[in-house]
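Coordinate analysis (summary)
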Amino acid sequence: MLYCTDGRLEIDNNLVENAIRPVAIGRKNYLFAGSRDAAQRAAMIYSMLGTCKMRGAEPFPG
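All figures in this text were calculated on a predicted structure; none of them were measured in a lab.

A short note on the overall build of the protein chain
Counting its secondary structure elements, the protein chain contains two helices and zero strands. Each of the three principal axes of the protein chain carries a C-alpha extent, and together these read 50 × 30 × 10 Å. Out of the 62 residues belonging to the protein chain, those deemed buried represent 8%. For the protein chain, the accessible surface area stands at approximately 5,800 Å², while carbon and sulfur atoms represent 61% of it. Separation of charge centres in the protein chain, based on 8 positive and 6 negative side chains, amounts to 9 Å.

Thoughts on the packing of helix α1 (residues 14-30) against helix α2 (residues 36-55)
Axis separation between α1 and α2 bottoms out at 10 Å; the angle between their running directions is 165 degrees. The angle between α1 and α2 places the two elements in the roughly antiparallel class. Note that α1 runs across α2; the crossing there is right-handed. Contacts from P22, G26, N29 and Y30 in α1 reach A39, A42, A43 and Y46 in α2.

Side note on a nonpolar patch on the surface
Nonpolar side chains collect at one region of the surface, where L2, Y3, L9 and I11 lie side by side and expose about 420 Å² of accessible area between them. Looking at the secondary structure, you find L9 in the segment before α1. Taking relative accessible area as the criterion, L9 reaches 39% and is therefore assigned partly exposed.

Points about the environment of A33
For A33, the location among the structural elements is in the loop between α1 and α2. The residues touching A33, leaving out its near neighbours within four places in the chain, are A38 and A39.

Conventions used here
- Residues numbered from 1 in each chain as written.
- Predicted model: local features only at pLDDT ≥ 70, side-chain atom pairs only at ≥ 80, totals over all residues.
- Heavy atoms only, no water.
- Helix = DSSP H or I, 4+ residues; strand = E, 2+ residues; numbered from the N terminus.
- Buried < 20%, exposed > 50% of the residue type's maximum accessible area, 1.4 Å probe, protein only.
- Areas by Shrake-Rupley, 256 points an atom, 1.4 Å probe, with all protein chains shown as cover.
- Lys, Arg positive; Asp, Glu negative; His and termini not counted.
- Charge placed at Lys NZ, Arg CZ, Asp CG, Glu CD.
- Axes fitted to C-alpha atoms, helices over the stretch in contact; angles between N-to-C directions.
- Parallel < 35°, antiparallel > 145°, perpendicular 65-115°, else oblique.
- Left-handed = near helix turned anticlockwise from the far one by under 90°.
- Contact = heavy atoms within 4.5 Å.
- Patch = residues over 30% accessible without salt bridge, like charges linked within 9 Å, V, L, I, M, F, W, Y side chains within 5 Å.
- Salt bridge = Lys/Arg side-chain N within 4 Å of Asp/Glu carboxyl O.

So this is what it looks like as structure tokens:
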């Protein structure tokens with residue numbers, strides 16, 4: 001209800017939900033990675049790509 005008194009606040013949190021969606025999808029994918037080591041590798045790749053995206057760096061220059 002705070003957003004009713006403060007015009008700077010958003011009514012919804014779509015921006016946050018859209019930002020964390022890839023993490024949630026990745027988390028589901030880890031269940032089917034085949035092994036613990038494969039899941040850890042996938043998690044590292046997701047983390048690297050997320051960091052590149054957040055910093056505006058191109059992860060696959062070419």
